[in-house]
Amino acid sequence: MMMSNSSHSNIYLEELNNAKVQLLIPNTVLAFVFLVTGVVGNGLVLFVYRFKLKSKSDDRYFIPCLSLVDMIACSIGATYAISMNFNPFNFRSDLICKLVWFLHQSISFSSALLLLAIAVQRYIKVSRLVNSSMSLRSKRMTIISILIGSTVISVPCLVLYGKDELLLKNENRTITGYNCGAVPNVNQNFLFSYSVILLLMCLSGIFAVIILYSLILRTIFKHESFRKRSFKRPKKHPLNDNEQHNSGNTIQTEISNITDDDYSVDKFEPNTTQIDSTTINNQQGTMQGGPVIKRKNSTVPFVIQTRRKSKFFRNISRFTHKHRFSVMFFLITILFCISYLPRIALMIIESVIANFWDNLTDPEYVIALCFYRGHLLNTVVNPIIYLIFDTDFRSSCQRLCFSNE
């Protein structure tokens, strides 16, 4: 009789598990896409920066480290998500659950601390502090400290998380299921305190990064004169070739203190976008067979407006290209914060509400789970950001692709 009840319970548990698997198919597909693209993209970044790029500049030192951490985080996080989606009520390994939580948390913290270290490096470089760059010994010590600190911070996961028993109701029966999550017999105050500490550390890191990049931008704009270049050159007397060359060299000397080491500032283009309004008016007047003066007043404002817009976008493009590493790392940091904050918030909620996930409807559960695992998106997007901003990396990838054809 006991064997019969046990077998019936296992059958009901399997049915409930399969129903949940069907519900989580979209999330499983998304996790699989994250796994493939994250591993391939970060693997390509690691390979190209380590073996293909000839320029080993100070700006690129932390990129291979960050790519390796992202690749490991994506592999562990996506694999864990897929395995959990296939066993939402039948995850029985307590040891694997603890190890996955510990490794995933430590890797996530390593990524966050690396982004903070990169912000410090950018500030030192732009502000010309400590010989304008971190020494090789300082960089290595920073990486070691990050690994040790991330490990220490993640140790409580070995106690707080593990195999969790769930009471599932099916018709008139109560069945015991198994999940990987917060252990129910652990002190809830301890779990809540740990989640709050993680949130405070995350907010402190975001605040520190905002301050550092604000100082970087202030330093750049203090020395950068790109907003004034549009008004330096006389409109009716264009410079000759020698004057253009000398003017470009003078401006390059003034701003060389804050540009990236491996980037040679392009000489400023002659103002070819300026349009002689008189010529345009003459052409329009001739084509229409009317007096030239009648078309002049309506054409000049449009020409000036177009010219100002083109100068604005051209100046923004110059600025972004010249300081592309600072802009690139700032964008990566912003995306990391946006993707990781919902996970911390949900960890706090589940530590306060014991049966938070059980009380959600099916659509709410799927949406909350997507936000919970949405931090993996950051590891997938980072290689695309490298491809956009680092021209040497983009060229190396193109040569690598063409050589394989």
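Residues numbered from 1 in each chain as written. Predicted model: local features only at pLDDT ≥ 70, side-chain atom pairs only at ≥ 80, totals over all residues. Heavy atoms only, no water.

Participant: Where do I start with the packing of helix α2 (residues 25–52) against helix α13 (residues 376–389) in this structure?
Facilitator: One can describe the packing of α2 onto α13 by two numbers: an axis separation of 9 Å at closest approach and a directional angle of 40 degrees. If you check the angle between α2 and α13, you find them oblique. The hand of the α2/α13 crossing is left-handed. Residues Phe 34, Thr 37, Gly 38, Gly 41, Asn 42, Val 45 and Tyr 49 of α2 pack against Leu 376, Leu 377, Thr 379, Val 380, Pro 383 and Tyr 386 of α13. Split by residue class, the contact of α2 with α13 holds 8 nonpolar, 5 polar and no charged. (Axes fitted to C-alpha atoms, helices over the stretch in contact; angles between N-to-C directions. Helix = DSSP H or I, 4+ residues; strand = E, 2+ residues; numbered from the N terminus. Parallel < 35°, antiparallel > 145°, perpendicular 65-115°, else oblique. Left-handed = near helix turned anticlockwise from the far one by under 90°. Contact = heavy atoms within 4.5 Å. Nonpolar A, V, L, I, M, F, W, Y, C, P; charged D, E, K, R; others polar.)

Participant: I'm lost on the UniProt feature "transmembrane region" (unreviewed entry) in the protein chain in this one. Help?
Facilitator: Listed under "transmembrane region" (unreviewed entry) in the UniProt record, and renumbered for this structure, are residues 29–49, 61–82, 102–120, 141–161, 191–221, 325–345 and 365–389. Counting secondary structure, residues 29–49 comes out at 100% helix and 0% strand; the distance between its end C-alpha atoms is 30 Å. The distance from the first to the last C-alpha atom of residues 141–161 is 31 Å, and the span holds 86% helix and 5% strand. (UniProt positions renumbered as here; feature names shortened; annotations may be inferred.)

Participant: Quick question: what am I supposed to make of the pattern of salt bridges here?
Facilitator: It is possible for side chains of opposite charge to pair when their charged atoms get near one another. Throughout the structure, instances matching the rule amount to 2 salt bridges. With a closest N to O distance of 2.9 Å, Asp 392 and Arg 60 form a salt bridge. Here Arg 60 lies in the loop between α2 and α3 (62–86) and Asp 392 lies in helix α14 (residues 391–403), a separation of 332 residues in the sequence. (Salt bridge = Lys/Arg side-chain N within 4 Å of Asp/Glu carboxyl O.)

Participant: What's the story with the packing of helix α4 (residues 94–126) against helix α5 (residues 136–154) in this structure? I'm lost.
Facilitator: Helix packing geometry: the angle between the two helix axes and the distance between the axes. Two numbers describe how α4 lies on α5: the axes approach to 8 Å, and their chain directions differ by 145 degrees. Where α4 crosses over α5, the handedness of that crossing is right-handed. Between α4, through Phe 102, Gln 105, Ser 106, Phe 109, Ser 110, Leu 113, Leu 114, Ala 117 and Gln 121, and α5, the contact on the second element is made entirely by Lys 139, Thr 142, Ile 146, Leu 147, Ser 150, Thr 151, Ile 153 and Ser 154.

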